[in-house]
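Inside the fold
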Amino acid sequence: MADGSTSTLWKWLIEGIAITIPLVLTLMILLLVLDFVLGMLSPVVGAVDLLWPGSSPPAILIELSTLASLIGLFLLVGFVADRTSGSSIAPAFHSRMEAVPVIGSLYMSVRQASDVLFEDGNDQFQDVKLVEFPHEDAYMLGFLTAETPPEIREGVGAAEMQTIMIPLGPNPTSNGFVMHFPTDRVHDVDLTVEDAIHAIATLGVASDPDE
């Protein structure tokens, strides 16, 4: 009976850590971002105080109004980019920004980080596969990502190959190896992309997102 109680307490402890740590880290990041944004808005508050001395609105109201305007600007830009017939506006803008010396490399890094944060990683993957890696008789889950370029197939003399992303926990959607396997070494597995991501993110503890 004591062993059962200890096992239950240990399970509660692990689940508590698994839930609390990501939550705390997320809140810390949000607070840092909010503090940075409010710091960026402080010149606006100072300008309003200069324009309307003695009768300016409360600083918090000015900050919230400016923040709301900034969000509105983001929405407007996103709406125009989404609705414009030339849907290549965003890629064209990105390519021009990335072509600027020094600034371009920084812009590319920030954009790639934002893609990881805001895009659904599940959409990157077509199917779940099982491959023999890193050595014989050891198998890992992988995600089929794209067709293998013909240059790679011809370089190794393979008739058919598949490009597989071998994910690493605990962040399987953006951490891993991109590898090219002969098709006969890639095995089908009855798992959805969501189930596989959940299994890897929990380090194999759970394979069902409902668990």
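The structure we're discussing is the one just above.
As a starting point, this report considers the structure included with it. (Residues numbered from 1 in each chain as written. Predicted model: local features only at pLDDT ≥ 70, side-chain atom pairs only at ≥ 80, totals over all residues. Heavy atoms only, no water.)

Burial runs high along strand 3 (residues 161–167): seven of the seven residues are buried. Where burial is concerned, the two faces of strand 3 agree: the one with Met161, Thr163, Met165 and Pro167 and the one with Gln162, Ile164 and Ile166 are both buried. Where strand 2 (residues 139–147) lies against strand 3, four bridges are found, and the strand directions are antiparallel. Each bridged residue has a counterpart across the sheet, and for Leu144 the counterpart in strand 3 is Ile164. Sheet topology places strand 3 next to strand 4 (residues 176–182); seven bridges connect them, and they run antiparallel. Looking at the pairing, Gln162 lines up with Phe181 of strand 4. (Buried < 20%, exposed > 50% of the residue type's maximum accessible area, 1.4 Å probe, protein only. Helix = DSSP H or I, 4+ residues; strand = E, 2+ residues; numbered from the N terminus. Pairing = 2+ DSSP bridges.)

Glancing now at the pattern of salt bridges. If you walk through the whole model with that rule in mind, you get two salt bridges. Among the ionic pairs, Lys129 bridges to Asp127, the shortest N-O distance being 3.7 Å. Residue Lys129 is classed as buried on the basis of its relative accessible area, which comes to 9%. Linking Asp188 and Lys129 is a salt bridge whose minimum nitrogen-to-oxygen distance equals 2.5 Å. Here the residue Asp188 occupies a position in strand 5 (residues 186–188), and Lys129 occupies one in strand 1 (residues 127–132), the gap between them amounting to 59 residues. Note on Asp188: relative accessible area 64%, which makes it exposed. Each of Asp127, Lys129 and Asp188 takes part in one network of salt bridges that share partners. (Salt bridge = Lys/Arg side-chain N within 4 Å of Asp/Glu carboxyl O.)

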